[in-house]
Amino acid sequence: MAGGIPPSADQSTDSLWEQLKSFSGIYWIANWMELVERFAYYGVRVVLPVFMVAAFEAGGPQLNHIQKGTIYSVWAIVQSFVPILSGGFADRYGYKLNIALSTVLKILGYLLMGYCIVLAEKSAGMPLAEARPLGKDIVYEVFFAGAMLLALGTAIFKPGVQGLIANLMPKGAASLGWGVFYQMVNIGGFIGPLLAGYLRVLDWTYVFLACAAGIALNFIPLFFFKEPADTSRKADDAGPVRLLYDALRGLLEPRLFFFTISFAGFWLMFYQLFDILPNFIDDWVDSRAVATALVGVFGDSAVPTINGGNLTQEWILNFNALLISLFAFAMGYLTGKVQSLTAIMVGIGISAVGIFMLGYGMNGWVVLGAIGLFSIGEMSASPTKMRFLAALAPPGKDGQYMGYANFTVGIGWSIGSVIAGDMYQTGGDKLNLAARYLQEKGGMTAEAVKAVARGDLEQTFLTTQGVDPWQMRQLLWDTYSPQSMWTVFMFIGLGAGLAILAYNLVVTRANANPQHSFNTHGDRYVRVALIPIMALFLYFTGGEISTWLDAKAGQGNFPYGLSLNTAFFGMMTLIAFLDRSAMGGGEPPAA
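What counts and how
- Residues numbered from 1 in each chain as written.
- Predicted model: local features only at pLDDT ≥ 70, side-chain atom pairs only at ≥ 80, totals over all residues.
- Heavy atoms only, no water.
- Helix = DSSP H or I, 4+ residues; strand = E, 2+ residues; numbered from the N terminus.
- Buried < 20%, exposed > 50% of the residue type's maximum accessible area, 1.4 Å probe, protein only.
- Contact = heavy atoms within 4.5 Å.
- Areas by Shrake-Rupley, 256 points an atom, 1.4 Å probe, with all protein chains shown as cover.
- Salt bridge = Lys/Arg side-chain N within 4 Å of Asp/Glu carboxyl O.
- Phe/Tyr/Trp six-rings, centres within 6.5 Å; stacked < 30°, edge-to-face > 60°.
- Core = buried A, V, L, I, M, F, W, Y, C linked by side-chain atoms within 4.5 Å.
- Axes fitted to C-alpha atoms, helices over the stretch in contact; angles between N-to-C directions.
- Parallel < 35°, antiparallel > 145°, perpendicular 65-115°, else oblique.
- Patch = residues over 30% accessible without salt bridge, like charges linked within 9 Å, V, L, I, M, F, W, Y side chains within 5 Å.
- Left-handed = near helix turned anticlockwise from the far one by under 90°.
- Nonpolar A, V, L, I, M, F, W, Y, C, P; charged D, E, K, R; others polar.
- pLDDT = per-residue confidence, 0-100.

1. What about the overall build of the protein chain?
Turning to step 1, where the next piece is worked out: Within the protein chain one finds 28 helices and two strands.
Turning to step 2, where the next piece is worked out: Buried residues in the protein chain amount to 58% of all 591 residues.
Turning to step 3, where the next piece is worked out: Within the protein chain, residue pairs in contact and separated by at least 24 positions form 83% of the contacts whose partners lie at least 6 positions apart.
Turning to step 4, where the next piece is worked out: Accessible surface for the protein chain amounts to roughly 22,900 Å². Of this, 66% is attributable to carbon and sulfur atoms.

Structure (structure tokens):
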């Protein structure tokens, strides 16, 4: 197995036009399918954080942020860890089959989530507001099932289309090729939320229906290209169990293992842009001036607004996709002139500053500026990981290594969802803080506050405290500092950048010296690292399970995300200590 890449192997000297001409027709078809898939995915993804916690009166299932974090945590595990296996299946059984199967699963997932309230109310035989106090409410379970189908479909799709692209990628144009791919991702990711921003104002269900119809378009291109020839696939007759075992063994290769672990902190920070920022914008950001500026350009009827003139959070967040849609192409070309790890480190640093700026104030223009800065860093770091891992992949393992690319995402995203859900439930949610204020400073008893329906809580606050909605936001902001969470995520991101820096220093020296201990004893490095990682997972998972067991019936959430992480790393640890042939020495590839 290849253990690394020479210092300049992933840099290009060809002109932009020469690199563009080297891409095949199937490459462009694969990019189109990615665009369509991302249109549907992000059209739903950007509305989910607000929809999940929306009150019954607002047409939502009224879940809490801890439940939302649990859903995202397991979603992350499924979507990011399954490709480690499905990537191997893509290499073995073909990319077209993976893409077709994933499309069916995703359609089912969108429909189940979109109709979760209808299905739950039919099951209970009464409205959710009446069913929940009686313990007859299954909306969480229905929504969870839909989310898992979407996660599984995405997990199967990712290595299929990414492996197809990696299989066809000209080595001299890898940076540009992944930059174009990332740009197509974000063109789809821009159009989806643009439409969703309109549809959610009309009815939440319309968003899910539109995205289910959109992803169905991906069946069409499958009829217009042949599966790329790959003799290594035909020669590989390994069964499913062997593919799974080989995938887990492959993760223990020292260069791959330490890269994925180091990069996980970036993804923990990154996913808060999609998991928590929508709620933060909806709760705290005053974007009336931004909405007014857009109305001046596009007209009043073209700009969706809510909550007294605020721009919908989908449109604000969509600034990220807009910038990447316009500039990822150019950024891919520029980052192709430097080493992959350099581009990744610079990108993480810029993104961390952008995350910090999200908490600088409630002004919509400030938030847009922070999203813009974050997007620049993202364009440098995120697509470059694909280029780095594609360069590490041995022949015939393109799909599997694109699956490994999602492993680092899954670690960060799943753990971050748990952290962010707990933090926002207690210290960020505007209505929860309003209830807390009414008890601590507003003259109401805990029983009186609890008796107020969530949909009526803001009006109760306005009436009893004698303020308007904007004064309410400022009062709660000054009292409880909900923006402080962004500083925590900034430090996590910067920690990831330092870990990548240390990784780069070690690997650079190892590439220059075949006798370096990382080359000769890389397996020991991995085993030593796995011990504290497993200890931390066991400690925190055990604590969460104890809390869940001590909770009264109907309260608390089982820590599925942490438990799955613990099980996954437990299997890797067993392989690392029992199968010494799993890791090799971490030696660099032959010249």
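Once the structure has been displayed, the description carries forward.
2. Quick look at the pattern of salt bridges
In a structure, side chains of opposite charge can pair up when their charged atoms sit close to one another.
Turning to step 1, where the next piece is worked out: Taken as a whole and judged by the stated rule, the model has 11 salt bridges.
Turning to step 2, where the next piece is worked out: For the salt bridge of Asp-137 with Arg-132, the shortest nitrogen-to-oxygen distance reads 2.6 Å.
Turning to step 3, where the next piece is worked out: The exposure class of Asp-137 is buried, given its relative accessible area of 17%.
Turning to step 4, where the next piece is worked out: We classify Arg-132 as partly exposed; its relative accessible area is 27%.
Turning to step 5, where the next piece is worked out: A salt bridge links Glu-440 to Arg-436, with the shortest nitrogen-to-oxygen separation between them at 3.1 Å. Linking Glu-440 with Arg-436, this pair stays in helix α21 (residues 430-440), spanning four residues, or about one helical turn.
Turning to step 6, where the next piece is worked out: By relative accessible area, which is 49% here, Glu-440 ends up partly exposed.
Turning to step 7, where the next piece is worked out: A residue is classified by how much of its surface remains accessible, and Arg-436, at 36% relative accessible area, is partly exposed.
Turning to step 8, where the next piece is worked out: Several salt bridges converge on common partners, so that one network encompasses Glu-34, Glu-37, Arg-38 and Lys-106.

3. Here we look at the side chain of Asn-504
Turning to step 1, where the next piece is worked out: Within the secondary structure layout, Asn-504 lies in helix α25 (residues 485-512).
Turning to step 2, where the next piece is worked out: Since its relative accessible area comes to 13%, Asn-504 is described here as buried.

4. Focus on helix α23 (residues 457-465)
Turning to step 1, where the next piece is worked out: For α23, the complete set of buried residues consists of Leu-457, Thr-460, Phe-461 and Leu-462.
Turning to step 2, where the next piece is worked out: Where α23 is buried, its residues contact α21 and α24 (469-480).
Turning to step 3, where the next piece is worked out: One or two residues past the end of α23 sits Gly-466, with phi positive at roughly 70 degrees.

5. Side note on the packing of aromatic side chains
Turning to step 1, where the next piece is worked out: What the rule picks out here adds up to 34 aromatic pairs.
Turning to step 2, where the next piece is worked out: Centroid distance Tyr-42 to Phe-274: 5.5 Å. Interplanar angle 45 degrees. Geometry classified as tilted. Taken together, the positions of Tyr-42 in helix α2 (residues 25-45) and Phe-274 in helix α14 (residues 272-275) put the pair 232 residues apart, joining distant regions of the chain.
Turning to step 3, where the next piece is worked out: Owing to a relative accessible area of 13%, Tyr-42 belongs among the buried residues under this scheme.

6. Points about the environment of Val-53
Turning to step 1, where the next piece is worked out: Considering the arrangement of structural elements, one finds Val-53 in helix α3 (residues 48-53).
Turning to step 2, where the next piece is worked out: Classification of Val-53 by relative accessible area gives buried; the value is 9%.
Turning to step 3, where the next piece is worked out: Setting aside anything within four residues of it in sequence, one finds Val-53 in contact with Gln-62, Leu-63, Asn-64, His-65, Lys-68, Asn-279 and Arg-454.

7. Some points on the nonpolar core
Turning to step 1, where the next piece is worked out: Counting residues in hydrophobic clusters, the biggest one holds 136 residues, and the most contacted among them are Leu-48, Trp-75 and Tyr-110.
Turning to step 2, where the next piece is worked out: Top contributing element to this core by residue count: helix α13 (residues 254-270), with 11 residues.
Turning to step 3, where the next piece is worked out: If near-sequence neighbours (up to four positions away) are discounted, Leu-48 is found in contact with Tyr-72, Trp-75, Met-113, Phe-143 and Phe-208.

8. Observations concerning the packing of α23 against α24
Turning to step 1, where the next piece is worked out: Close contact between α23 and α24 brings their axes to 10 Å; oriented N to C, the two are set at 90 degrees. The pairing of α23 with α24 is recorded here as roughly perpendicular in orientation. Here Glu-458, Phe-461 and Leu-462 of α23 lie close against α24, whose contacting residues are Pro-469, Met-472, Leu-475 and Leu-476.

9. Some remarks on the side chain of Ser-417
Turning to step 1, where the next piece is worked out: Residue position: Ser-417 is located in helix α20 (residues 398-427).
Turning to step 2, where the next piece is worked out: If near-sequence neighbours (up to four positions away) are discounted, Ser-417 is found in contact with Gly-69, Tyr-72, Ser-73, Gln-272 and Asp-275.

10. Quick notes on unusual backbone geometry
Turning to step 1, where the next piece is worked out: A positive phi angle, near 50 degrees, is found at Asn-307, a position not held by glycine.
Turning to step 2, where the next piece is worked out: We note that Ser-481 has phi near 50 degrees; this positive angle belongs to a residue other than glycine.
Turning to step 3, where the next piece is worked out: With respect to the element layout, Ser-481 can be found in the loop between α24 and α25.
Turning to step 4, where the next piece is worked out: According to the relative accessible area criterion, Ser-481 is partly exposed, its value standing at 30%.

11. Observations concerning a nonpolar patch on the surface
Turning to step 1, where the next piece is worked out: Side chains of Leu-111, Tyr-115, Val-118, Leu-119, Leu-202, Tyr-206 and Leu-209 sit close together on the surface and give an oily, nonpolar patch of about 600 Å² of accessible area.
Turning to step 2, where the next piece is worked out: Those elements giving two or more residues to the nonpolar patch turn out to be α6 (116-124) and α10 (204-215).
Turning to step 3, where the next piece is worked out: Within the element layout of this structure, Leu-119 appears in helix α6.
Turning to step 4, where the next piece is worked out: Accessibility expressed as a relative area gives 36% for Leu-119, which makes it partly exposed.

12. Quick word on the packing of α13 against α25
Turning to step 1, where the next piece is worked out: Running from amino to carboxyl end, α13 crosses α25 at an angle of 160 degrees, the nearest separation of the two axes being 7 Å. When the axis of α13 is compared with that of α25, the two are roughly antiparallel. For the crossing formed where α13 meets α25, the hand is left-handed. Seen from α13, the contacting residues are Arg-255, Phe-258, Phe-259, Ser-262, Phe-263, Gly-265, Phe-266, Leu-268 and Met-269; seen from α25, they are Phe-489, Ile-492, Gly-493, Ala-496, Ala-499, Ile-500, Tyr-503, Val-507, Ala-510 and Asn-511.
Turning to step 2, where the next piece is worked out: Per-class residue counts for the contact of α13 with α25 are 14 nonpolar, four polar and one charged.

13. Some points on the environment of Leu-164
Turning to step 1, where the next piece is worked out: Position of Leu-164 relative to the elements: it lies in helix α8 (residues 139-168).
Turning to step 2, where the next piece is worked out: Under the relative-accessibility criterion, Leu-164 is labelled buried at 0%.

14. Considerations on the confidence of the model for the protein chain
Turning to step 1, where the next piece is worked out: This prediction gives the protein chain a mean pLDDT of 83; 84% of its residues lie at or above 70.
Turning to step 2, where the next piece is worked out: Long-range and interchain partners of residues 1-10, a stretch whose pLDDT sits below 50, account for 30 contacts in this model, where long-range means more than four residues apart.

15. Remarks on the environment of Trp-28
Turning to step 1, where the next piece is worked out: In this structure, Trp-28 sits in helix α2.
Turning to step 2, where the next piece is worked out: Taking relative accessible area as the criterion, Trp-28 reaches 36% and is therefore assigned partly exposed.
Turning to step 3, where the next piece is worked out: Each C-alpha atom of the pair Trp-28 and Val-180 lies 9.6 Å from the other, and the pair is 152 residues apart in sequence.
Turning to step 4, where the next piece is worked out: What Trp-28 contacts, discounting residues up to four positions off in sequence, is Phe-23 and Val-180.

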